[in-house]
Amino acid sequence: MPQSAIKPFIDVLSGQRQSIPPMWMMRQAGRYLPEYREVRAKAGGFLDLCFNPELAAEVTLQPIRRFGFNAAIIFSDILVIPYALGRAVRFEVGEGPRLEPLDDPAKVGTLATRADLGKLAPVFEALRIVRAQLAPEIALIGFCGAPWTVATYMVAGQGTPDQAPARMMAYRHPEAFAKIIDVLVESSIEYLLAQLAAGADALQIFDTWAGVLPPAEFARWSVAPTRRIVEGVRAKVPDAKIIGFPRGAGAQLPAYVEATGVNAVSIDWTAEPGFIRERVQSTVAVQGNLDPLVLITGGAALDRAIDDVLANFAQGRFIFNLGHGIQPETPIAHVEQMLRRVRG
Ligand code: CP3
């Protein structure tokens, strides 16, 4: 029996609907869990936790032990790629990431052309530790940020409400911006291949900021680079299973799916169900899309929202997830309520 035949999560990505949808949550290792907060306090800074293989493996496994999800996602961050490119990256408590801004062509001229993957050896080690401890039927997900989303943080040096600095730079200096994207494409291919080699069973490409782009820019800066990553990974690992998450892509999801060749798309809670079923789920698996805020709410509102998600998508190839990451204030009892409701 091929290894994937015992993993319901991988089976969905291979095109086989499961009667009970496999489930996991974006940001499932995180601050809503007391056992995470304990390890996080012990580790020092956030990047210290990402780069401590034993502790990163431990927090990756915590939500699996507690909830029995069908997939674990390796604990790391999308901004480890700028770090491996030699950029300064820090995480300020309560404020989010801070990088040295890369906001003009002269600075782009100094950007390294290759990531030093040696700096990410602890991530690969964490993957090996997790894979060795994880039951065979549970999938291990590796990930990276899509070049567009990673570039938005590199250009601005931080998160902003609408990532205007990167959008401005792409208009003003398209050649310099394309150089950042090219470097990220090449680094991401190598990073994802190394994660597969270390034991990842599937990959997710997070394009959190895809939805701020007009259609032509979306095609150029989100779709095309993602396609190059998918092709680059599959050139070495032809059957690599890849999930794309172009958050906010809305009406452009069918074009994204067709052009990138991903096996599944993760959809946010604003997606229109009929459109997704007819134009997206007809060709690939769909993952999503419970509103993280209704998971905070709980009660009858949560039950109703879960039933809606199942009614909308569970007749096809489907992975139950949230529409974006779980929020730190989410009660654990509500996650348990969700698991019972989905699994029946
Ligand atoms: O999903 C998981 O459990 C795996 C771990 C994971 C993290 N970040 C851990 C993390 C994953 C997959 C990410 C991806 C990521 N990181 C994205 C794309 C997905 C998304 O959520 O939109 C983005 C945009 C980032 C960049 C990033 N990292 C930001 C903007 C922040 C600050 C916001 C926040 O929630 O604090 C981070 C920090 C971060 N990454 C935390 C975690 C658990 C919180 C840090 C902490 O524990 O103190």
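Check the entry above for the structure.
Attention here is on the structure that accompanies the text. (Residues numbered from 1 in each chain as written. Predicted model: local features only at pLDDT ≥ 70, side-chain atom pairs only at ≥ 80, totals over all residues. Heavy atoms only, no water.)

## Some points on helix H9 (residues 164-172)
Residues spaced three or four apart along an α-helix point in a common direction, a consequence of the helix completing one turn every 3.6 residues. Those residues of H9 that fall on the buried side of the exposure criterion are Ala166, Met169 and Ala170. Angularly, the buried residues of H9 cover 100° about the axis, an arc narrow enough to put them on a single face. On its buried face, H9 is in contact with helix H6 (105-109), helix H8 (147-156), helix H10 (174-197) and helix H11 (215-236). (Buried < 20%, exposed > 50% of the residue type's maximum accessible area, 1.4 Å probe, protein only. Helix = DSSP H or I, 4+ residues; strand = E, 2+ residues; numbered from the N terminus. Arc of directions from axis to C-beta. Contact = heavy atoms within 4.5 Å.)

## Looking at helix H2 (residues 34-43)
What H2 keeps buried is the set Tyr36, Val39 and Ala43. The buried residues of H2 occupy an angular sector of 70° when projected down its axis, which confines them to one face. Among the exposed residues of H2, those oriented more than 90 degrees off its buried face are Glu38, Ala41 and Lys42. Buried residues along H2 sit in contact with helix H3 (46-50) and helix H4 (53-67). Phi for Gly44, located one or two positions after H2, is positive at around 95°.

## With respect to the packing of H4 against helix H7 (residues 121-133)
Here H4 crosses H7 at 45°, and the two axes come no closer than 8 Å. It follows from the interaxial angle that H4 and H7 lie oblique. H7 is crossed by H4, and the crossing has right-handed handedness. Of H7, the residues touching H4 (which contributes Pro53, Glu54, Ala56, Ala57, Thr60 and Leu61) are Pro122, Glu125, Ala126, Ile129, Val130 and Gln133. Along the lines of polarity and charge, the residues of the contact of H4 with H7 split into 8 nonpolar, 2 polar and 2 charged. (Axes fitted to C-alpha atoms, helices over the stretch in contact; angles between N-to-C directions. Parallel < 35°, antiparallel > 145°, perpendicular 65-115°, else oblique. Left-handed = near helix turned anticlockwise from the far one by under 90°. Nonpolar A, V, L, I, M, F, W, Y, C, P; charged D, E, K, R; others polar.)

## Examining the site of the ligand
What surrounds the ligand is a group of 22 residues, the closest being Arg27, Tyr36, Asp77, Thr208 and His324. Here Arg27 contributes a backbone N or O atom positioned 2.7 Å from an oxygen atom of the ligand. Asp77 is positioned such that a nitrogen or oxygen atom in its side chain is 2.7 Å from a nitrogen atom of the ligand. Its free accessible area being 870 Å², the ligand has 87% of it covered by the protein chains. The cavity where the ligand resides is the largest pocket. Where the shell around the ligand is concerned, the elements lending two or more residues are H2 and strand E3 (96-99). (Near = heavy atom within 4 Å. Polar contact = N/O pair within 3.5 Å; in protein donor to acceptor, adjacent residues only side chain to side chain. Areas by Shrake-Rupley, 256 points an atom, 1.4 Å probe, with all protein chains shown as cover. 1 Å grid on protein atoms, 1.4 Å probe; cavity = no way out; pocket = protein on both sides within 12 Å on 5 of 7 lines; lining within 4 Å. Sits in = over half its atoms within 2 Å of the grid points.)

## Things to note about the pairing of strand E2 (residues 89-92)
When E2 meets E3, the two strands line up antiparallel, connected through 4 bridges. Within E3, the residue paired with Val89 across the bridge is Leu99. Taken together, E2 and the strand that follows it, E3, pair antiparallel across an intervening segment of 3 residues, in which Gly94 is found at a positive phi of about 80°. (Pairing = 2+ DSSP bridges.)

## Focus: the environment of Gly288
Mapped onto the elements of the fold, Gly288 is located in strand E8 (residues 285-290). Leaving out residues up to four positions away in the same chain, Gly288 has contacts with Ile267, Val309, Phe318, Ile319, Phe320, Asn321 and Leu322.

## What to know about the sheet that holds E8
Read across the sheet, 7 strands follow the order E1-E4-E5-E6-E7-E8-E9 without closing on themselves; strand pairing throughout is parallel. At either end of the open sheet lies a strand with only one pairing partner, and these are strand E1 (71-73) and strand E9 (318-322). The average undirected angle you get between the axes of adjacent strands in this sheet is 25°. Pairing of strand E7 (residues 264-266) with E8 involves 3 bridges; the strand directions are parallel. The residue of E8 that forms the bridge with Val265 is Val286.

## Examining the layout of surface pockets
The volume enclosed by the largest pocket comes to roughly 1400 Å³. Sorting the residues of the lining of the largest pocket by element identifies H2, E2, E3 and helix H14 (292-297) as the ones contributing at least two each. The element contributing the most residues to the lining of the largest pocket is E3, with 3 residues. Partitioned by chemical class, the residues of the lining of the largest pocket number 23 nonpolar, 12 polar and 9 charged. (Points joined across faces, edges and corners; volume = space filled by probe spheres on them.)

## Notes on the side chain of Thr260
Mapping Thr260 onto the fold places it in helix H12 (residues 253-260). On the accessibility criterion, Thr260 (3% relative accessible area) is buried. There is a polar contact of 2.7 Å between the side chain of Thr260 and the backbone oxygen of Tyr256. Polar contacts involving the side chain of Thr260 include one to the main-chain amide nitrogen of Val262, which spans 3.4 Å. Aside from chain neighbours lying at most four places away, what touches Thr260 is Val223, Thr226, Arg227 and Val230.

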